[in-house]
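# Residue-level structure breakdown
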Amino acid sequence: MDHSQAATVWQDLEAHKQKLGATTTRDLFAADPDRFSKFSFSLDDVLVDFSKNRVSEETLALLLKLARAHCIETRRDEMFRGDAINTTEGRSVLHTALRAPADSQVLVDGKNVVPDVHAELDLCFAFANKIRSGELRGATGDKITDVVNIGIGGSDLGPAMGARALSPYAVDGPRPHFVSNVDGADMSDVLSRLDPSRTLFLVSSKTFTTIETMTNAHSARQWIAKSLGETAVGDHFAAISTNIVAVEAFGINKDRMFRFWDWVGGRYSMWSAIGLGLMIAIGPENFSEFLAGGHEVDRHFVSTPLEQNIPVLMGLIGIWHRNFMGYAAHAVLPYDQRLGRFPAYLQQLDMESNGKRVHLDGTPVTSDTGPLVWGEPGTNGQHAFYQLIHQGTSVIPGDFLIAAEPHETGMGDHHAILMANCLAQTEALMHGRSLEEAKGVLKAQGLDDKKIDLLGPHKVFPGNRPTTTIAYRKLTPRMLGRLVALYEHKVFTQGVIWGINSFDQWGVELGKELASRLLPVVKGANVEGLDASTKGLVAHLKSLRS
Ligand code: F6P
């Protein structure tokens, strides 16, 4: 990386921001009739429209210069070829190898990992087919009708998000369920709907030590053993992990263990055996389409010039918002109900990857890093929090996701209304409504001057609020693969510019350590050295327990 060039471009971007001054996105559209085509980029049927962000051609040129000063292409190639870029854990970062075609080559420590990836995928597919067809049954000979994935974080969010997103493809397989929280309510609510003789549990955990997952797995095991006997356990469990020893110790048969590798980060693992719950639900063919969509985006990321490279541009515009405009949050607003868990999935992908405060070399970062990522599907969000996005004092850039075609046919105007709302929101956020325009509307409604003066300011929309629209044909397995990979590479791009490690997650450790110290305390033991608040809360909670 060229530090001095990067610093110079950073200053140029600061100066450029000053120069943009009061120019609004509305002004930028007025000045350039080709703005939409200049700022929209395609990948097959996917169109990503950046034109409603307050960026000019000069802004993009400077941001691309910044990316080059940070050697984005070199960093990207290092990741794809298996260099140990996760330096704090000494690991390669190769989720891209999980979706690479069988004849490709990716070397880790001199060994091509692609044959292993495909061998494991074949084992998963064979198992999925046997469960789906009824060739593999429960201990009583009943067909498996319900599959419960027990996992948390990256071992839950991917398959859970995917199963919901792709439910139209889950037509002839068992029903998928997901239990993640150690709160017994999660497991209990799921089990209350299930019949043990027809239920398969997938214990998904990279480490196979995560307390939530292991606690839930043991409860599920007791549930099976209690109703079908201890000998039935083997027929009702499978495991997905990198920790074969711990899986064996739990008592899951070798032929029901599916592996992945330490070069797959938890939040990047839905492409691996961690996707088994999704594979069983939608079938191997659809899962292969999902992988193909991810690979398509990988090819785009490695071979498209930065100027048209969609994930790079997504990342750079995010840098502009976060570091130069000072926007602290980023909303993900799918106008696609089945992407209901996509914002939560992206929260882990983005915030666990880029919520960092030191550079790769351990020195403190000198600029803000990852934003707060959140969102809900439209149109529901419009009737809840969009008020703040339109008129609140914080500017929150948002991604709007919309399909041209729904899966549902014969439902009248539903999709047209959905689409109109999506487009209207981004138009309103960009365009806004001035005081003069607001007063004009009120006048046309026949209000008197006093009322107009009173209501006018409340009806003003500042506009100039940035949005990106991702428009695609239909939420197919391939499309979901593309979406996930686009955001993965966006997050990667931003991590490179911030000079941080996007692939570790030390920030989750302290809470885990303190929870194990507090467990005996909440169970009744006395422990010295608690802070007064924690001590007081423990005492209060204990006093309320019957
Ligand atoms: O929350 C921390 C974390 O390590 C995540 O990165 C990971 O996805 C999750 O816990 C679950 O970990 P495991 O798959 O090892 O159970």
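Residues numbered from 1 in each chain as written. Predicted model: local features only at pLDDT ≥ 70, side-chain atom pairs only at ≥ 80, totals over all residues. Heavy atoms only, no water.

Quick note on the threshold: UniProt positions are given in the numbering used here, feature names are shortened, and annotations may be inferred rather than shown by experiment.
The protein chain is annotated in an unreviewed UniProt entry as Glucose-6-phosphate isomerase from Labrys miyagiensis. Note on the protein chain: under the UniProt heading Function (unreviewed entry), the record states "Catalyzes the reversible isomerization of glucose-6-phosphate to fructose-6-phosphate." UniProt lists a comment for the protein chain under the heading Catalytic activity (unreviewed entry), and it reads "alpha-D-glucose 6-phosphate = beta-D-fructose 6-phosphate".

## Re the overall build of the protein chain
Basically, it comes down to this: Put simply, DSSP marks the helices as runs of H or I at least four residues long and the strands as runs of E at least two long, and each gets a number from the N terminus on. Working rule for contacts: check all heavy atoms of both residues, and any pair within 4.5 Å makes them a contact. Residue exposure ignores everything except the shown protein chains as possible cover, and the areas themselves are Shrake-Rupley values with a 1.4 Å probe. The charged-residue count follows a simple rule in which Lys and Arg add positive charge and Asp and Glu add negative charge, with His and chain termini not counted at all. Charge positions come from single atoms, namely NZ of Lys, CZ of Arg, CG of Asp or CD of Glu.
Of the regular secondary structure elements, the protein chain holds 21 helices and 13 strands. Dimensions of the protein chain, computed from the C-alpha atoms along their principal axes, are close to 80 × 65 × 60 Å. Intrachain contacts of the protein chain at a sequence separation of at least 6 include 74% that bridge at least 24 residues. As presented, the protein chain carries roughly 24,100 Å² of accessible surface, and 53% of it is formed by carbon and sulfur atoms. Taken as two groups, the 54 positive and 63 negative side-chain charges of the protein chain have centres that lie 4 Å from each other.

## A look at the packing of aromatic side chains
Heads up, the rule is: Pairing of aromatic rings covers Phe, Tyr and Trp, the last counted by its six-membered ring, and requires centre-to-centre distances within 6.5 Å; plane angles under 30 degrees mean stacked, over 60 mean edge-to-face, and any other angle means tilted. Only protein chains enter the area calculation, which uses a 1.4 Å probe; residues under 20% of their type maximum are buried, those over 50% are exposed, and those in between are partly exposed.
Under the defined criterion, the tally for this structure stands at 22 aromatic pairs. Taking the centre distance of 5.1 Å and the plane angle of 50° together, the rings of Phe127 and Phe258 count as tilted. Taken together, the positions of Phe127 in helix H6 (residues 114-133) and Phe258 in strand E9 (residues 257-259) put the pair 131 residues apart, joining distant regions of the chain. Taken as a pair, Phe127 and Phe258 share a single burial class, namely buried.

## Here's the deal with the UniProt feature "active site" (unreviewed entry) in the protein chain
Mapped onto this structure's residue numbering, the UniProt feature "active site" (unreviewed entry) falls at Glu352, His383 and Lys512. Spatially, the listed residues are scattered: they cover 161 residues, and their C-alpha atoms lie as much as 36.7 Å apart. When you line up the elements, Glu352 lands in helix H14 (residues 342-354). Given a relative accessible area of 22%, Glu352 falls into the partly exposed group. Once residues lying within four places of it in the same chain are set aside, the contact partners of Glu352 are Arg267, Gln347, Asp504, Gln505 and Val508. Along the polypeptide, His383 turns up in the loop between strand E11 (372-374) and helix H15 (386-391).

## Overview of the site of the ligand
Condition: Residues are classed as near a molecule or strand on a simple rule: at least one heavy atom within 4 Å of it. Between N or O atoms, a polar contact is any pair within 3.5 Å; within protein, one atom must be a potential hydrogen donor and the other a potential acceptor, and residues adjacent in sequence are included only when both atoms are from side chains. For this scheme, ten residues count as nonpolar: Ala, Val, Leu, Ile, Met, Phe, Trp, Tyr, Cys and Pro. Four count as charged, namely Asp, Glu, Lys and Arg, and the remainder, Gly too, count as polar.
By nearness alone, 13 residues border the ligand, and Ser155, Ser205, Thr207, Thr210 and Glu352 come closest of all. In this structure, Ser205 approaches the ligand through a side-chain N or O atom, which is 2.6 Å from an oxygen atom. At 2.7 Å, a backbone N or O of Lys206 approaches an oxygen atom of the ligand. Residue classes in the shell around the ligand are distributed as two nonpolar, nine polar and two charged.

## Focus on the pattern of salt bridges
Let me state the cut-off plainly: Definition used for salt bridges: Asp or Glu carboxyl oxygen within 4 Å of a side-chain nitrogen of Lys or Arg.
Taken as a whole and judged by the stated rule, the model has 32 salt bridges. Of the charged contacts, one joins Lys111 and Asp116 as a salt bridge, the two residues approaching to 2.7 Å between their closest N and O atoms. On the basis of relative accessibility, which here comes to 46%, the residue Lys111 falls in the partly exposed class. Residues Arg221 and Glu230 are paired through a salt bridge, measuring 2.6 Å at the closest nitrogen-oxygen approach. The exposure class assigned to Glu230 is partly exposed, which follows from its relative accessible area of 49%. Several salt bridges share partner residues, and in doing so they unite Asp44, Asp45, Glu289, Glu296, Arg478 and Arg482 into one network.

## Description of the sheet that holds strand E6 (residues 175-179)
Stated precisely, the cut-off is as follows: Two strands are said to pair when DSSP picks up at least two bridges between them. The axes are straight lines fitted to the C-alpha atoms, using for helices just the contacting stretch, and the angles between their N-to-C directions are given from 0 to 180°.
Pairing is parallel across the open sheet formed by five strands, whose spatial order is E6-E5-E7-E8-E9. The two strands at the open ends of the sheet, each matched to only one other strand, are E6 and E9. Averaged over all neighbouring strand pairs, the angle between strand axes comes to 20°, with direction disregarded. Across the sheet, H6 touches strand E7 (199-204), strand E8 (237-241) and E9, and the angle it forms with E9 is around 145°.

## Thoughts on the sheet that holds strand E10 (residues 329-335)
Taken together, six strands build an open sheet; the order of strands is E1-E2-E13-E12-E10-E11 and the sheet is mixed. Either end of the sheet is taken by a strand with one partner, and the two such strands are strand E1 (40-43) and E11. Between one strand and the next, the sheet's axes are offset by a mean angle of 15°, whatever the strand orientation. Across three bridges, the pairing between E10 and E11 is parallel. Each residue of the ladder has a partner; that of His330, found in E11, is Val373. Against the sheet, helix H16 (residues 414-431) touches E10, strand E12 (398-403) and strand E13 (467-472), its axis set at about 155° to E12.

## Looking at the pairing of strand E2 (residues 46-49)
Here four bridges tie E1 to E2, and the two strands are oriented antiparallel to one another. Counterpart to Leu43 in the pairing with E2 is Val46. Counted between consecutive antiparallel strands, the loop separating E1 from E2 contains two residues, among which Asp44 sits at a positive phi close to 55°.

## Structural notes on helix H20 (residues 509-522)
Here is the rule: Under the convention used throughout, the expected extent of a helix is 1.5 Å for every residue step, that is, one less than its residue count. Each residue is assigned a bend, namely the angle between axes fitted to the seven residues that terminate at it and the seven residues that start at it.
Here H20 contains 14 residues, and its C-alpha end-to-end distance of 20 Å stays within 8% of the 20 Å for a straight helix at 1.5 Å per residue. Approximately 25° is the largest bend angle found in H20, and it occurs at Ser516, with the proline Pro520 only one to four residues beyond. Positive backbone phi, approximately 130°, marks Gly524, located one or two places after H20.

## Here we look at unusual backbone geometry
Gly378 connects to Thr379 through a cis peptide bond whose omega is 10°. As for its placement among the helices and strands, Thr379 is situated in the loop between E11 and H15. Although it is not a glycine, Asp44 adopts a positive phi angle of roughly 55°. Phi is positive for Cys71, close to 55°, though the residue is something other than glycine. Within the element layout of this structure, Cys71 appears in the loop between helix H4 (57-69) and helix H5 (72-80).

## Notes on the confidence of the model for the protein chain
Spelled out, the test is: The predictor attaches a confidence to each residue, called pLDDT, with possible values from 0 through 100.
With 100% of its residues at a pLDDT of 70 or more, the protein chain has an overall mean of 96. On the interface metric, ipTM, the complex scores 0.98, and its pTM is 0.97.

## A word on the environment of Gly362
Of note, Gly362 is situated in the loop between H14 and E11. The class of Gly362 is partly exposed, set by a relative accessible area of 44%. Between the C-alpha atom of Gly362 and that of Thr199, which follows or precedes it by 163 residues, the distance is 47 Å.

## Re a nonpolar patch on the surface
Under the convention used in this document: Patch definition: residues above 30% relative accessible area lacking any salt bridge, with like charges linked at up to 9 Å and the nonpolar side chains Val, Leu, Ile, Met, Phe, Trp and Tyr linked at up to 5 Å.
Side chains of Ile211, Leu519 and Val522 sit close together on the surface and give an oily, nonpolar patch of about 260 Å² of accessible area. Of note, Val522 is situated in helix H20.

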